[in-house]
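Report on the structure
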Amino acid sequence: MGTAKIRILPDPVAQKIAAGEVVERPASVVKELIENAIDAGASEIVVELQGGGLQRIRVCDDGEGMVPEDVPLALQRFATSKIQNAEDLSSIQTLGFRGEALPSIASVSKMIIRSRPPGLLYGTQAISEGGELQGLSEVGCPVGTEVEVLDLFYNLPARRKFLRSIRTELRYILNQFHRIGLAFPSITFKLIHEGRLLEELIRTDSLLVRAEAVLGREVIDHLCPFDYEEGGVEVRGLTSLPPFSKVNREGFFTYVQRRWVRDRILNRAILNAYQTYLPSDRYPVTILMLDLPPSWVDVNVHPAKAEVRFRDPERIYQTVWASLRGLLEERSLGKSSVGKPKLKEEEASPPSSSHPLPLGDPQGERGLYENIRVGEPHSSWERRGSFRVVGQLWGTYILIETDRRLIFVDQHAAHERILYERLKRETEEEGLAPEPLLLPLLIEVSLEESLLIDSFQDELKAGGFEIEAVGERLYAVRSIPSLLQIERAEETLRLVLKDLAAFQRGGTPDLQAFLTSLACHASVRANYSLNPQEIEKLLEPLYPFPPSLTCPHGRPIFYVVTLEEMNRQFKRE
């Protein structure tokens, strides 16, 4: 007979394994502790950090507190006050319910809990290390609960090694802080790092006021409220109106019963509602609150509680889609009495001739690419006189007629490739040439943007941005890349920072990632009307590029239709 191999894991090992599903990084700890404070009925929650949360996380609330008997029980796994039996899982109204958060955090840290309910003159303090209760005593403290987490992952060095820099971990915490803050505007939230107040969200009765505090004034000017109810499902929130949009989905804030979730059904409903209103590579800003009977949604899918499962996903999809689509159609027909939102100049109307595109000198650009070996040129590009520009289609594509071909050029992809090759060549030869500004460009940034600027100083400087902090979240831009127009410098900088943050989540961003982002956001956009001279400037540097070439993101620049294919379509063979 063989030797038995299956063993029951020791409890400390099992605890650490389970903790890995709940506690991924300091941001996970902050999220779980804030949610516990909300469930306790807090009206003010203060988060204090040291070392990006790795050294210390302290979350204080003024909620109902815990009686002395409950404090040690809170450190035991599956101990919870929020459900009593299996039937309660179908009627969950709280953010927490599994009884896993505090024990999981305690198992990978040194924890101190102090709590006092309103009816007692003293509180209770529990000290835990690695999940083991080390001490229990009476203590003087205000009404509410204070949880202090020290030396996170001190007993899991492998997990600690995979964490990012302090600024990066702080940005993850800020994201969680904002997500929860948006869902609970009636609660005051404070975020403090190394004794410095980073963010304060003052309690309010208005979701719009809270959204302005989180997203900024430039976004709020484009948001419109919506409220829709059908068959027991209520959808409400704020969403942006076209043509305002973002380059990614970071403006999606989706909530079920005020719990932030990642859900493909909700995302698909939002995207499909904006179909025909926004280009396929642009995304709205949407704060979506979904309320439905608790029995219609299963929140017990994963310990982190960021995923849900709907009993009738098709109904949820249709309700969300109808709420947003109805608003968009109403606004597009001008039926609403609410004033038209303020638009940025470049989004409100096509560019005028007084603001030419940053296409540069065509001959200078052409000379830059003459020696680029990206493939053999197509025969239709070999001679200057072998093609005729027919015109621009839908403000997005340029149509060219050759001897026996039609060539469609994606103007954004083409310009993006041109700028990218120029940036790459300059970087390889002598570094990007910055354009010093006679007067510094002052920009006020959000907390997240300030962290990104500090994190990517080297990349920004190498790319031509010289940026200096001159105040609290106020920066002076003293130089910009020479290819960039001053009018678009601030917007482009913000978009590049967002892209670098996205690159960082997938790995360490390099200079190529920066050049790709800069080329993308500095290039001419789709739905942007060009006059014949601007089209000529755009096409001139394309001569060395083969029709098989793509933009730096991999999208095709050219689409070629031959005369033979046209003849076949019209039965002329």
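What comes next is a walk through the structure. Note that the structure is predicted; figures quoted are calculated from it, not measured. (Residues numbered from 1 in each chain as written. Predicted model: local features only at pLDDT ≥ 70, side-chain atom pairs only at ≥ 80, totals over all residues. Heavy atoms only, no water.)

Summed over the entire model, instances satisfying the criterion amount to three aromatic pairs. With centroids separated by 6.0 Å and ring planes inclined at 80 degrees, the aromatic side chains of phenylalanine 177 and phenylalanine 189 adopt a geometry described as edge-to-face. Taken as a pair, phenylalanine 177 in helix H6 (residues 166-183) and phenylalanine 189 in strand E7 (residues 188-193) lie far apart in primary sequence, 12 residues in all. Across this residue pair, the class does not change: phenylalanine 177 and phenylalanine 189 are buried. Aromatic side chains phenylalanine 408 and tyrosine 559 sit 6.1 Å apart centroid to centroid with 45 degrees between the ring planes, which places their arrangement in the tilted category. Taken together, the residues span a long stretch of sequence, with phenylalanine 408 in strand E18 (residues 405-410) and tyrosine 559 in strand E22 (residues 558-562) at a distance of 151 residues. The cationic tip of arginine 25 hangs over the ring face of tyrosine 172; the distance from NZ or CZ to the ring centre is 4.0 Å. (Phe/Tyr/Trp six-rings, centres within 6.5 Å; stacked < 30°, edge-to-face > 60°. Helix = DSSP H or I, 4+ residues; strand = E, 2+ residues; numbered from the N terminus. Buried < 20%, exposed > 50% of the residue type's maximum accessible area, 1.4 Å probe, protein only. Lys NZ or Arg CZ within 6 Å of the ring centre and 35° of its normal.)

Now for the nonpolar core. The biggest cluster of nonpolar side chains holds 63 residues, and the ones touching the most others in it are Leu33, Ile34, Ile45, Met111, Val149, Phe189 and Ile287. Tallying contributions element by element places H6 first for this core, with eight residues. Other than its neighbours up to four places away in sequence, isoleucine 287 contacts Leu182, Leu207, Ala211, Leu215, Phe226, Arg236, Gly237, Leu238, Phe253 and Tyr255. Formed by 30 residues, the second largest nonpolar core is a distinct cluster that contains Ala273, Tyr283, Val299 and Leu328. (Core = buried A, V, L, I, M, F, W, Y, C linked by side-chain atoms within 4.5 Å. Contact = heavy atoms within 4.5 Å.)

With that settled, the discussion passes to the packing of H6 against helix H14 (residues 447-455). Remark: H6 packs on H14, axes separated minimally by 10 Å, with the N-to-C direction vectors making an angle of 165 degrees. Between H6 and H14, the interaxial angle falls into the category roughly antiparallel. The two elements H6 and H14 cross, and the hand of that crossing is left-handed. Of the residues in H14, those touching H6 at Arg167, Leu170, Arg171, Leu174 and Asn175 are Leu447, Glu448, Leu451, Leu452, Asp454 and Ser455. (Axes fitted to C-alpha atoms, helices over the stretch in contact; angles between N-to-C directions. Parallel < 35°, antiparallel > 145°, perpendicular 65-115°, else oblique. Left-handed = near helix turned anticlockwise from the far one by under 90°.)

Structural remark: α-helix, 3.6 residues per turn; residues separated by three or four positions point the same way. Among all positions of helix H18 (residues 532-539), only Glu534, Ile535, Leu538 and Leu539 are buried. The buried residues of H18 occupy an angular sector of 135 degrees when the element is viewed end-on, so they sit on one face. In H18, the exposed positions that point more than 90 degrees away from the buried face belong to Pro532 and Gln533. For H18, the capping residue at the N-terminal end is asparagine 531, with a side-chain oxygen 3.1 Å from the backbone nitrogen of glutamine 533. (Arc of directions from axis to C-beta. Polar contact = N/O pair within 3.5 Å; in protein donor to acceptor, adjacent residues only side chain to side chain.)

Moving on to the pattern of salt bridges. Taken as a whole and assessed by the stated rule, the structure comprises 24 salt bridges. Between arginine 58 and glutamate 48 there is a salt bridge, and its shortest N-O distance comes to 2.5 Å. Of this pair, arginine 58 sits in strand E2 (residues 56-61) while glutamate 48 sits in strand E1 (residues 44-50); the two residues are 10 residues apart in sequence, bridging distant segments of the chain. In this structure, aspartate 312 engages arginine 315 in a salt bridge whose closest nitrogen and oxygen atoms are separated by 3.8 Å. A relative accessible area of 34% means that arginine 315 is categorised as partly exposed. (Salt bridge = Lys/Arg side-chain N within 4 Å of Asp/Glu carboxyl O.)

Purely geometric numbers; function is a separate question.
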